[in-house]
Amino acid sequence: MATINVYTEYTPNPATMKFLVNKLLVNGSLDFPDREKAQASPFARELFKFNFVNGVFFASNFVTITKSEDAEWEDIEAILKDFVKGAVESELKIQEIAKDEDVTFEGSETEIKIQQILHDYVRPAVEQDGGAINYRSFEEGTVFVELRGSCSGCPSSTITLKAGIEGLLKRMVPEVQEVVAEAM
C-alpha cells in the first residue's frame, strides 16, 4: 500500500478547507451539504460524526470540509487531516454505489456551447478553490448555475460569478447576457 499524504489549502471561503491527497478519490464530484444527504456516503457519514463538520464535498483528489461557525481551523485541522489520511488508507467508500460520471451535454447549440465552456474552462478553476459549478439552464439570455463545495456561501463567489464566469461566457457566447447562481 502506498503512503497517503494529505495536505491542506485554504479556500476563498473562510468556512471551508480543502484536504488534498495523493490519490484519485472520485471521478467528477459529490456534494453532501448536510448529515441527511451524507447517509449515501460512508466517508461523509463518518466526517459528520464530528460536531464541527457542516458540509462535505468530494472532487478528484480532494475533500472540501465546511466547519461550523464556532470551530476554529487551528483547533480542528490536524484532527481532520488525520481522519482523511486514515479513511483514504483504509479505503473507506465515498459512496455506496459507484456511478460513472460521463460528460454529456444536452440542449440547443447555444446550451451545449455554454456547458462545454463551463466544463473546460470554469470547472478546473473552481475546483482549484475546492468547489464545483453545475449548469442548470439557459433562458432568455440568462445562464443559471449551481455553486457547490467551498463556492456555496463563499463571500467572493459573487465576484467570481459576475466578473469571471459571466465575463467569459459573454465574450465566448454572444447570446449570454447574465449568469445567476440558483440556491439548491
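Residues numbered from 1 in each chain as written. Predicted model: local features only at pLDDT ≥ 70, side-chain atom pairs only at ≥ 80, totals over all residues. Heavy atoms only, no water.

Enquirer: Run through the overall build of the protein, naming residues and quoting values.
Expert: From N to C terminus, the protein includes 4 helices and 8 strands. Relative to its length of 184 residues, the protein is compact, with a C-alpha radius of gyration of 17 Å against a globular reference of 16 Å. Along the first, second and third principal axes, the C-alpha set of the protein runs to 50 × 35 × 30 Å. The buried share of the protein, taken over its 184 residues, is 46%. Taking the intrachain contacts of the protein between residues at least 6 apart in sequence as the baseline, contacts between residues at least 24 apart amount to 59%. Total accessible area on the protein stands at roughly 10000 Å², and carbon and sulfur atoms take up 49% of it. Distance between charge centroids for the protein: 3 Å, based on 18 positive and 31 negative side chains. (Helix = DSSP H or I, 4+ residues; strand = E, 2+ residues; numbered from the N terminus. Rg over C-alpha atoms; globule rule 2.2 N^0.38 Å. Buried < 20%, exposed > 50% of the residue type's maximum accessible area, 1.4 Å probe, protein only. Contact = heavy atoms within 4.5 Å. Areas by Shrake-Rupley, 256 points an atom, 1.4 Å probe, with all protein chains shown as cover. Lys, Arg positive; Asp, Glu negative; His and termini not counted. Charge placed at Lys NZ, Arg CZ, Asp CG, Glu CD.)

Enquirer: Explain the sheet that holds strand 6 (residues 131-139) to me, using residue names and the numbers behind them.
Expert: Reading across the sheet, the 3 strands line up as 6-7-8 and stay open at both edges, with mixed pairing between neighbours. Two strands in the sheet have a free side with no partner beyond their single neighbour: strand 6 and strand 8 (178-181). Mean inter-strand twist for the sheet, computed between neighbouring axes without regard to direction, equals 30°. Its contacts with the sheet put helix 3 (residues 109-128) on strand 6 and strand 7 (142-149), and the angle it makes with strand 6 is roughly 165°. (Pairing = 2+ DSSP bridges. Axes fitted to C-alpha atoms, helices over the stretch in contact; angles between N-to-C directions.)

Enquirer: Describe helix 4 (residues 157-172), naming the residues involved and giving the relevant values.
Expert: In a regular helix each residue adds 1.5 Å, so 16 residues correspond to 22 Å; helix 4 covers 21 Å between its end C-alpha atoms and thus fits that length. If you look at helix 4, its biggest bend is around 30°, right at glutamate 166. Taken together, the buried positions of helix 4 are occupied by Ser157, Leu161, Ile165, Glu166, Gly167, Leu168 and Leu169. Looking at the buried positions of helix 4, the neighbouring elements they touch are helix 3, strand 6, strand 7 and strand 8. (Expected span 1.5 Å × (residues − 1). Bend = angle between axes of the 7 residues up to and from the residue.)

Enquirer: Got a sec to walk through the pattern of salt bridges? Specific residues and values, please.
Expert: For the structure on display, the rule yields 6 salt bridges. Residue glutamate 9 is joined to lysine 18 by a salt bridge in which the shortest nitrogen-to-oxygen separation is 3.9 Å. A salt bridge links lysine 49 to glutamate 46; its shortest N-O distance comes to 2.9 Å. (Salt bridge = Lys/Arg side-chain N within 4 Å of Asp/Glu carboxyl O.)

Enquirer: I'd like a description of the pairing of strand 5 (residues 62-67), backed by residues and values.
Expert: Here strand 5 lies mainly inside the structure; 5 of its 6 residues are buried. As defined by bridge partners, strand 2 (residues 16-21) adjoins strand 5 across 5 bridges and the pair is classed as antiparallel. For threonine 16, the partnering residue across the bridge sits in strand 5 and is threonine 66. Taking the residues between adjacent antiparallel strands as the criterion, strand 4 (residues 53-60) and strand 5 are bridged by 1 residue.

Enquirer: Got a sec to walk through the domain arrangement of the protein? Specific residues and values, please.
Expert: We note that the domain assignment places domain 1 (6-90) and domain 2 (109-183) within the protein. Averaged C-alpha coordinates put domain 1 and domain 2 at centres separated by 24 Å. The interface is formed by 15 residues belonging to domain 1 together with 14 residues belonging to domain 2. Its largest share of buried area at the contact with domain 2, domain 1 owes to Pro12, Asn13 and Phe57, together 43% of the area lost on that side. Counting every contact that joins domain 1 to domain 2 gives 1 residue pair in polar contact (both at pLDDT 80 or more). Where the side of domain 1 that touches domain 2 is concerned, the elements lending two or more residues are strand 2, strand 3 (26-32), strand 4 and strand 5. (Domains from an automatic or database assignment. Buried area = accessible area lost by both parts, 1.4 Å probe. Polar contact = N/O pair within 3.5 Å; in protein donor to acceptor, adjacent residues only side chain to side chain.)

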